[in-house]
Amino acid sequence: MAKKYKEPINEEMETTINVLYDDNILSIYTNKVSLQRKLNKLIGEPKKEHKIKDKITGSFWDISLNDKIIIGRLLIKVDIFEIYG
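Described below are features of the structure shown in this document. (Residues numbered from 1 in each chain as written. Predicted model: local features only at pLDDT ≥ 70, side-chain atom pairs only at ≥ 80, totals over all residues. Heavy atoms only, no water.)

Here the focus is the sheet that holds strand 4 (residues 55–64). The strand order across the open sheet built from four strands is 1-2-4-3, with neighbouring strands paired in antiparallel fashion. Bordering the open sheet on either side are strand 1 (15–20) and strand 3 (48–52), each of which pairs with just one other strand. Within this sheet the neighbouring strands show an average axis-to-axis angle of 10°, counted without direction. With six bridges connecting them, strand 1 and strand 2 (residues 25–30) associate as antiparallel partners. When the sheet's bridge partners are listed, I17 is paired in strand 2 with I28. Packing against the sheet, helix 2 (residues 68–77) makes contact with strand 2 and strand 4, and its axis sits at approximately 130° to strand 4. (Pairing = 2+ DSSP bridges. Helix = DSSP H or I, 4+ residues; strand = E, 2+ residues; numbered from the N terminus. Axes fitted to C-alpha atoms, helices over the stretch in contact; angles between N-to-C directions. Contact = heavy atoms within 4.5 Å.)

Attention now moves to the pairing of strand 3. Look at any regular strand and the pattern is simple: side chains alternate between the two faces of the sheet. Taken together, the five bridges between strand 3 and strand 4 define a ladder with antiparallel strand orientation. Bridge assignment links H50 to a residue of strand 4, and that residue is G58. A loop of two residues connects strand 3 with strand 4, the two strands running antiparallel in sequence, and K53 in this loop sits at a positive phi of about 55°.

In this section: the pairing of strand 2. Buried residues dominate strand 2, accounting for five of its six residues. Between strand 1 and strand 2, which pair antiparallel in sequence order, lie four residues; one of them, N24, sits at a positive phi of approximately 60°. Across six bridges, the pairing between strand 2 and strand 4 is antiparallel. Residue I25 lies in a different strand from strand 4, and its bridge partner there is S64. (Buried < 20%, exposed > 50% of the residue type's maximum accessible area, 1.4 Å probe, protein only.)

Bringing the packing of helix 1 (residues 33–43) against helix 2 into the picture now. Interhelical geometry of helix 1 versus helix 2 gives an angle of 140° and a closest axis separation of 10 Å. One finds that helix 1 runs oblique with respect to helix 2. Helix 2 is crossed by helix 1, and the crossing has right-handed handedness. Along the contact surface, helix 1 presents L39, L42 and I43, while helix 2 presents I70, R73, L74 and K77. (Parallel < 35°, antiparallel > 145°, perpendicular 65-115°, else oblique. Left-handed = near helix turned anticlockwise from the far one by under 90°.)

The subject of this paragraph is the packing of aromatic side chains. The final tally for this structure, using the stated rule, is one aromatic pair. Their ring planes at 40° and their centres at 4.6 Å tell us that Y29 and F60 sit as a pair that is tilted. Here Y29, found in strand 2, pairs with F60, found in strand 4; they are 31 residues apart in sequence, far enough to count as distant. Residue classification places Y29 among the buried positions, given a relative accessible area of 13%. For F60, a relative accessible area of 26% puts it in the partly exposed group. (Phe/Tyr/Trp six-rings, centres within 6.5 Å; stacked < 30°, edge-to-face > 60°.)

Keep in mind these numbers describe shape, not what the thing actually does.
If you want it as structure tokens, here you go:
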């Protein structure tokens, strides 16, 4: 079954990336639909999804800092900061 997403209004769109050194984790949260889809394809299912009814409103991923392959993919293939539009 295809996932259904709810696009936030522009003023509420956010992506946060935190490095949790004590836990050895790179934590990513986003409510931007296009980025959620890219991350799902690139690194797999999120650890947690926020939902309103049957639509996903945000997703969380936790990636071990030891997982250099996944982190490398993120840096190369995902334009998290949308530098190019």
